[in-house]
Amino acid sequence: MASLQSAAGRAVTRTADLYGRVSRFIPPMEWPAYAEDVDAILRLKRERNAVILAHNYQTPDIFHCVSDLVGDSLALARMAQGSDADVIVLAGVHFMAETAKLLNPDRTVLISDTRAGCSLAESITPADVRALKAANPGVPVVVYVNTSAAVKAECDICCTSGNAVKVVESLGVPRVIMIPDEYLAQNIGAQTGVEMITWPGHCEVHERFTPGDVAEFRDAHPGVTVLAHPECPPNVVAVSDFSGSTAAMIDFVATRKPPKVMLLTECSMSDNVAVQYPDLEFVRPCNLCPHMKRITLGNLRRSLETMTHEVTIDPSVAVRARRAVERMLAVK
Ligand code: 13P
Ligand code: SF4
């Protein structure tokens, strides 16, 4: 017991500077429990020549204390492409780890809980895509990054919420099949004027926001600036002040510094951004993504200790899925 306590004490000392970043979310009494995992993860990353890429929805302890690079889905894909680490641990959901593996076939890519899925990725199968293509011959298929590699393999070009407008415009056609997020497709259709053939997939986090929520919060918090992720229904985007990917929302906050801001997205986003902008007031509501929350400090540590769970993709699928992702990354 005594030696356990002193190990925890040493970990607290070694991580003291990191605690300042998360002190508004983690009470001092609870930090020793976090500190041991943080300290172990930092050591294991050095030993394994590993990097942790974390999505903006990861909890502040992961986002601010153990991640090497953080960002939206597009940034994570670009970072994965540029990485020279032997091991990439993706602190995010499974499709993000698959994208990293597609771009790094020779590196080890790990995800610490294979159950970290996504309601959008689960909404569509490769057979569904083939049926859509058969019903709409010659219409290009734009696939949201929130899909399995097997679905991407059936499609022409990938997109994220950060580059969907550019990707759709790059095709120069009046009509596209955009799958699987119906609301994202409708929002991008409205921005580009391109006709969208959609699929009824929805994000279980963003579909729950309503125009009524926005009206209520505007009444309760006069002057609040409302930012909505484009996975929100179009009638929610219509009553918001700005819509963009998670990275675009962070940029908006960083450059415009709205004194009172509401991010219509996953809860950890506001927590993570609030650390950087303590003078701004972040008005909730937010919704939790249960899939993102499967990733914890504890399982990240185990993942690096045991080198699990390794992400693999059938090579015949990977070659076609990679084409769709690389075509997206080539769009400027
Ligand atoms: P971003 O690419 O905007 O980070 O979105 C990813 C996601 O899963 C949103 O729900
Ligand atoms: Fe999928 Fe929605 Fe969770 Fe993003 S927030 S990972 S789109 S379920």
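Computed from a predicted structure; not experimentally measured.

So, unusual backbone geometry
The omega torsion of the bond from Ile 179 to Pro 180 falls at -10°, within 30 degrees of zero and hence cis. Counting through the fold element by element, Pro 180 comes out in the loop between β7 (175-179) and α10 (182-192). Here the bond from Thr 308 into His 309 is cis, since omega is -5°, no more than 30 degrees from zero. Of note, Asn 49 is a non-glycine position whose phi angle comes to about 50°, a positive value. Mapped onto the elements, Asn 49 comes out in the loop between α3 (31-48) and β1 (50-55).

Section: the state of the cysteines
Taken as a whole and assessed by the stated rule, the structure comprises 1 disulfide. Sulfur-sulfur distance for the disulfide between Cys 267 and Cys 286 comes to 2.2 Å. Around the S-S axis, the bridge from Cys 267 to Cys 286 shows a dihedral of about 95° and counts as right-handed. Here Cys 286 lies in the loop between β12 (281-283) and α15 (297-306) and Cys 267 lies in helix α14 (residues 267-276), a separation of 19 residues in the sequence. By relative accessible area, Cys 267 is classed as buried at 12%. For Cys 286, a relative accessible area of 21% gives the class partly exposed.

Here we look at the pattern of salt bridges
By the definition in use, this model includes 13 salt bridges. Arg 43 serves as the salt-bridge partner of Glu 47, at 3.2 Å between the closest nitrogen and oxygen. Remark: Arg 43 and Glu 47 occur in helix α3; sequence separation between them is 4 residues, near one turn of the helix. For the salt bridge of Glu 266 with Lys 293, the shortest nitrogen-to-oxygen distance reads 3.1 Å.

How each quantity is defined
- Residues numbered from 1 in each chain as written.
- Chains lettered and ligands numbered in written order.
- Predicted model: local features only at pLDDT ≥ 70, side-chain atom pairs only at ≥ 80, totals over all residues.
- Heavy atoms only, no water.
- Helix = DSSP H or I, 4+ residues; strand = E, 2+ residues; numbered from the N terminus.
- Disulfide = S-S within 2.5 Å.
- Buried < 20%, exposed > 50% of the residue type's maximum accessible area, 1.4 Å probe, protein only.
- Salt bridge = Lys/Arg side-chain N within 4 Å of Asp/Glu carboxyl O.

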